[in-house]
Structure formats: C-alpha cells, structure tokens
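Report on the structure
For reference, the chains in residue letters:
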Amino acid sequence: MSANNTHQISSKSLSFDIPNPVRPDLHTCNFCIPEYILEENVTVVLKSGKGHVRCNFYRPRRSCHEYRVPVIVTYGPFGKDIHYKDFHPRSFAQVNPQHHSRHSAWESPDPGYWAKHGYGIVRADELGIGQSRGRLDPMSHDTTEAFCEVIEWACNLDWCNGKAALLGVGYYAGIQWRVAAMKPKGLAVIIPWEGMSDYYRDRCRHGGILADNAIRYAWNRKVVVNQYGRPQDEEVVMDGKINGVGPMRPKSAPETLEGNLTAEQRARNRQDPVVSNQQNRFRDEEYYASREYDMRNIQVPLLSVANWGGISLHLRGNIEGFVHAGSKQKWLRFITGRHDLPFYYEEEAEIQRSFLDAFLKDDDREGWKKGKVPPVSLVTRKGDIGYNNPHPETREQFPRRTENEWPIARTQWKKWYLTPRQTLEADREEKVMAELNMRLKVSYDALGSIDNQKFIQFSTPPFERETEITGNVLAHLCVRATPEPGGPTPSDIDLFVTLRHFSPKGTEVSYTGAMGDPVPLTKGWLRVSLRKIDTGHVKHREYLPYRQYRSTDVLPVISGKVYEVDVEVWPTSVVVEPGAKLVLEVASGDTQGCGIFLHEDPVDRAPAKFQGRNHVCFGPNLLNYLVLPVIPYKEPEPEPEPEPEPPEELWINVSENYHSTNGRRVRYRSHSF
C-alpha cells in the first residue's frame, strides 16, 4: 500500500457535528487503468484534530519506492470525484484533448497528461467537502492549515521524491498563495494560474463594495452542493444571475461514503460566505482578518499567470501576488481568453511542465534557474479580433514580448483631464484649469444596476498615433451626492469606473471575459466613505493607492460636499491605433461587461444610504483626471555580431596520415604547396 505514511485514524473529539462513525475501510486501489495507478480515499487525519482529509492518488505506473516521482497537490471544494465532463460539459468539450482522461476534473491538472510526464497527482477534498470530514470554511486559516499538512504528508509518500508542486486554476490557484506563506516542508514551487491573492480586495469587496452575486453563484452551484453528508438528490439552488449556464455539481456526483447528514447538521458544519460577507464589511472584523496572510512569507519559486480578461476577480491578485511575494525566483505571465481553457492549451501546458521540470526534476531546459527566462511575459492586445474564441488568442493576433520588471520601468504615467464637456484632454492641465473659472457638474442617478444602468462618459479625441497602455490605471474624481426631491439624504457614494476602447470605425472593442462574455478594457470601484489611503504602507504606490478598509477608516460623506478621491482601476493592456478612442465611464452601479460579478446586495447598497443624485464636479482647484500607463516603444536589442570566421588557408593536396606512438594511433596532416 503506497499510503503507508497516513496518520492513524482515531476517534478524537472534533470541532464539528458529524455523528456518523469514521470508516477506516474507504481506501481502494485500481491497477487496471493503462495510464496510471489510482488510489481513492486515502485518509489524512489532521494533527489539529479538526478533521480527516480524503485524497485520491493518480501516479505513474512505474512509480514506487525505487522509482520516486514528484507530486502535484490540489486541494479544493469542487469535489475530487466529479468528472470535468459532468461538472461543465460544454467547457470540457472545448478543452485540449491531450488533457482528457477518465479522471479529468474542473480547474485541475489532468492525471493522464501529468502521469505520462512522470508526475503523481494528489487530489484532496477540502475540509467539509465530499469525503473529507470537517467544517467547511473556504479560504479560512483552518482549511489552509489542513492543506499545509496534506502537502507535507504527500511529500513523505513512499513513491514521492520529497518534492511537491501546486498547480491549478481559480480556487485551486488562490489557495496556493495562502498555503505557500505557511512554508510547508517539501513544497518546491507554485503556479497560481488565474488565482486571487487578496480575499477582500480581489474577490469579496471591490473598493469596499460587496460583490455578492459571484459569491452566491459559486457557493450555491459549485461548493455547498459538494458538502460532506449532502444527499445526492437534493436540489441545487439556482441563485445568481448566470442564466443556468456554467459549472455545477451534477446529479451523478457520489454521496459521502460515511453517510448523509441532515440539513441542520450540515448548516452547523459550515461557514456560509454569502451570509458572512454581507454581515462583515471591514478587514479588521474577524471573518476577513482570519483570511489574511503575509505575502512576504512566500519563499518558493513561483510562476503567476494573469488573464487580462479577468477584470473582476483574479487579474489583480496574480499581479499583486507576483509583486509582493518574497520569492527570489518569480515570474509573471499574462494570457488572454476564457478562464477555463488556456490552462490546457498545448503551449501553456508546456510552459507549466518546463517550469516544474526545472525545479522538481532538475531538468532546466529553458533556463528558469539560470536566469535565461525574463521575469515578465506580456501579451499586448491590439486590434479587434472578437471574443470567446475557444482557440488560443495569442498565437498570431496578440503579440507576446518579454519585460524585466513590473510595472514596466519605462512607463510614462500620463494624465487625461476630464472636462464638463465630457471629453478627456491629454496633458493639458493649464488649458483645463483656465476653462474652469466657475463651478460646474455632470450628474447621474445614484443606485444604478445592471438592469437600470446609470452612468456618464468622457471620451478622448481620436488618437493621432499608435499608443500602448499597459499597467495600473487611476481615476482621480471630485464627487458629491445630493438628495432627490422628497427622497432620503444620501450618506455615501459608490463609484463604478469602466475604461472602454473604441476602434477607428467607432465600434466598441470587446475582449474575452472569464466566462466568454464580452468585457471592456478594465474596471474599478470605490465606496467613498472608505476613501482613506494609508500612504505610509509598503504597498502604497502613487499609481495604486493602498487602503486598509478597516472599521476605523470610515470617513463621513455629507450631502452636498465635494470629495476628491482616487479610484483604483485594475491593470490593463491595449495598443490604441490611430483614429481609435478611449472612453472613461463613471457609474453608480454595474454596467455592461461585469458578467456575473454584480454588486446588488440590498443590505450593502441600501437606498436609505445611497439613493439620490451623484455628481462629478468641476471648478477652480477641482481637477478630475485619468492616469494611464503609456509605454514608449521598446527598441529591439541588437543581435550579437557573428563570430569572425577563421582566415582561409591555401591548402593543396591535403592528406591524412597515421603513425603509431607508444601504442597509440596519431593522426596528422601533411601539406604540399
């Protein structure tokens, strides 16, 4: 049995309500699969006493004590035993066939592909999921601690060479940052592929505003439906604006082998993020504070992969994780396309494999450890190629190049000034100031929504020359709120900012979003009562203001008073062609391009607090501007001059001769001129 390192199963008192007895007989082995050996439901009893984690192994057939292989470990809430084709059939049909096997799983490395290349897979059900006994609390300290223990345990398996990697998409990427900061023994490298690194800022509260719909959608369709003890025939709650499309637990998913639990028992065994995110608003409250960690504690080599289309969830986290991780060897790679497919593209899988081979097998054919791979691999979006193309978008349409740092060192941070005429004027502060000799405003209704959009737009003139914009974006706005006749007096303002790109033909250019939906260049958000900036924090930068979002940071918003605020707009990359325009949109709620990432919680956005009219204000000393990262053209590095060829010699009648010296044959040349 390869799992001879498993902890002894005990009946130790656990901090959850599971009356069902522990079954020690769940572990099975299957040696009949041609591609790999399968072991199911191997048990790890946590030393903390907080549960049992059940894992599946998929390992090369020749792996054993004499032939040890590195291991890739995944740990998450989507069900280790649910096949990708059942979880999201339409997506699986478009996945690269090289990653189709009888145990393919959503957002996870495929066992067939990786076993063929000499890697074992350990796939674990998160605490409280599937076959794992415990309290379900995604992204919490307890579940991350359990993952840490699973990694260390996996490295001691008799077929493992003692080195573990973390590889996966979405949740399986986001949790990598947290567990790597715990420094589990044996962890050698991580590849967080489109994975948030900041639970509060990236996922739950954009600029302090609750992103409730995506949380509810993921929890109800993909997570709580896999909870330990859930009956197979229990209906899935179709909650969240998704039109019935997307990943979801199938009816074929297996039940918990140790038996079902009542709805009441399961409710006591979980922390519901839908409720918790509504009830908690600040980072110093226990729910959010318990999910904090220090990125500087991440020391292992990492390859962070960010998708330019992930403008409401993972993009920011991959970039910030790369910037702030303590790793000495770290790389940032940008991609485009849907959230589900690029991970399996042939060229991207080869990048993953070459990276893992370098650090887990000492096969550094690309030069990762030797400094031959530049730190940043960038895709720049140029032209209008449409969206939701299931095939790789970057092979020809979007050029790829390398950079040595992030943000790009030669970035020129340029300001485009908003005017009351709803235009954007580039680098013309004096002209704009001269025009603002009286107070003016551009107004729109507060409390907009995706079904009732309320916004104003400011447009650049057509660009005269090709201009690349790559990096973080900042919007500096002067805003105020006033009541409607007979309405409540507003005491806060929610700002929703969008940057859009219009082609020389005048049509908006849409890019591929996470779920294949059309998205604009980028978005940003801010709740004005949480505008306070911690300028002394190590993460504060002029182009990216750092906010603590603590309960003690709340500032008043008084009706009729103007407030100057800096809105963090997520990074983007685009090449604006001559004749094209950029449009800055300022709204009071979600607008086109937000996908499932809606902000519509009636408690978080209560009409009593937000209803009224919002205004962008202009006048003496009231400047509104957009800061864009303009990238000057990079001169190609000169090619090295070829080494001079040796001078030609006039040899005539060259012949080869041999003679024997001390028993050795020696060859020499004789010449005749």
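Residues numbered from 1 in each chain as written. Predicted model: local features only at pLDDT ≥ 70, side-chain atom pairs only at ≥ 80, totals over all residues. Heavy atoms only, no water.

Quick word on the overall build of the protein
Check the secondary structure of the protein and you find 14 helices and 29 strands. Expressed along its principal axes, the backbone C-alpha trace of the protein runs to roughly 105 × 90 × 45 Å. Of all 673 residues assigned to the protein, the portion counted as buried reaches 57%. A fraction of 76% describes how many contacts in the protein between residues 6 or more apart in sequence connect residues 24 or more apart. A total of about 27,900 Å² of accessible surface is found on the protein, and carbon and sulfur atoms cover 49% of it. A distance of 2 Å separates the average location of the 85 positive side-chain charges in the protein from that of its 87 negative side-chain charges. (Helix = DSSP H or I, 4+ residues; strand = E, 2+ residues; numbered from the N terminus. Buried < 20%, exposed > 50% of the residue type's maximum accessible area, 1.4 Å probe, protein only. Contact = heavy atoms within 4.5 Å. Areas by Shrake-Rupley, 256 points an atom, 1.4 Å probe, with all protein chains shown as cover. Lys, Arg positive; Asp, Glu negative; His and termini not counted. Charge placed at Lys NZ, Arg CZ, Asp CG, Glu CD.)

Focus: the environment of Arg 283
Relative to the helices and strands, Arg 283 is located in the loop between α9 (273-279) and α10 (286-289). Residues Arg 283 and Tyr 549, 266 residues apart in the sequence, show an inter-C-alpha distance of 5.8 Å. Ignoring sequence-local partners within four residues, the contact set of Arg 283 consists of Tyr 200, Arg 201, Tyr 288, Ala 289, Glu 292, Tyr 546, Gln 548, Tyr 549 and Arg 550.

Concerning the packing of aromatic side chains
Enumeration over the complete set of coordinates arrives at 33 aromatic pairs. Pairing Tyr 199 with Tyr 287 gives two aromatic rings, centres 6.0 Å apart and planes at 65°, and the pair type is edge-to-face. Within this pair, whereas Tyr 199 is found in helix α6 (residues 199-204), its partner Tyr 287 is found in helix α10, the two being separated by 88 residues in sequence. Across the pair, exposure class does not vary: Tyr 199 and Tyr 287 are buried alike. A ring pair is formed by Phe 355 and Trp 368, whose centres lie 4.8 Å apart and whose planes are at 80°; its orientation type is edge-to-face. One end of the pair, Phe 355, is in helix α12 (residues 346-360); the other, Trp 368, is in the loop between α12 and β13 (376-379), with 13 residues separating them in the sequence. (Phe/Tyr/Trp six-rings, centres within 6.5 Å; stacked < 30°, edge-to-face > 60°.)

Describing the pattern of salt bridges
A complete count under the given rule lists 41 salt bridges for this structure. The salt bridge involving Arg 23 is made with Asp 25; its shortest N-O contact spans 3.0 Å. According to the relative accessible area criterion, Asp 25 is partly exposed, its value standing at 48%. Between Lys 382 and Glu 466 there is a salt bridge, and its shortest N-O distance comes to 2.9 Å. In this pair, Lys 382 sits in the loop between β13 and β14 (400-403) while Glu 466 sits in the loop between β18 (455-459) and β19 (467-482), placing the two residues 84 residues apart along the sequence. Under the relative-accessibility criterion, Lys 382 is labelled partly exposed at 32%. The exposure class of Glu 466 is partly exposed, given its relative accessible area of 46%. Members of the salt-bridge network, linked through shared partners, are Arg 205, Asp 494, Arg 527, Asp 604 and Arg 605. (Salt bridge = Lys/Arg side-chain N within 4 Å of Asp/Glu carboxyl O.)

Section: the environment of Phe 282
The topology assignment puts Phe 282 in the loop between α9 and α10. Judged by its relative accessible area of 9%, Phe 282 is buried. When sequence neighbours within four positions are dropped, the list of residues in contact with Phe 282 reads Tyr 200, Tyr 288, Leu 530, Tyr 549, Arg 550, Ser 551 and Val 554.

A few points about the nonpolar core
In terms of nonpolar packing, the biggest core is built from 103 residues, with Val 53, Cys 55, Val 73, Val 122, Trp 153, Phe 355 and Leu 356 touching the most fellow members. Tallying contributions element by element places helix α4 (residues 141-155) first for this core, with eight residues. Among the nonpolar cores identified, the runner-up in size contains 48 residues, and Leu 436, Val 576, Leu 584 and Val 616 belong to it. (Core = buried A, V, L, I, M, F, W, Y, C linked by side-chain atoms within 4.5 Å.)

Comments concerning the state of the cysteines
Applying the stated criterion across every chain, the model contains zero disulfides. Unpaired in terms of disulfides, Cys 148 finds its nearest cysteine sulfur in Cys 155, a separation of 10 Å. Unpaired in this structure, Cys 155 has its nearest cysteine sulfur neighbour in Cys 160, at a distance of 5.0 Å. A relative accessible area of 8% places Cys 155 in the buried class. (Disulfide = S-S within 2.5 Å.)

As for α4
Between its terminal C-alpha atoms α4 stretches 21 Å, which fits the 21 Å expected from 15 residues at 1.5 Å a residue. Summarising burial for α4: 11 of the 15 residues are buried, a large majority. Along α4, the residues classified as buried are Thr 143, Thr 144, Ala 146, Phe 147, Cys 148, Glu 149, Val 150, Ile 151, Trp 153, Ala 154 and Cys 155. (Expected span 1.5 Å × (residues − 1).)

Describing unusual backbone geometry
Cis peptide bonds are those with omega within 30 degrees of zero, and the linkage from Trp 406 to Pro 407 qualifies with -5°. Inspection of the secondary structure assignment puts Pro 407 in the loop between β14 and β15 (412-418). Positive phi values are uncommon outside glycine, yet Asn 41 reaches one of about 55°. Here the phi dihedral of Leu 447 falls at roughly 55°; this positive angle occurs in a residue that is not glycine. Residue placement: Leu 447 occurs in the loop between β17 (440-445) and β18. Overall, Leu 447 belongs to the partly exposed group, its relative accessible area being 25%.

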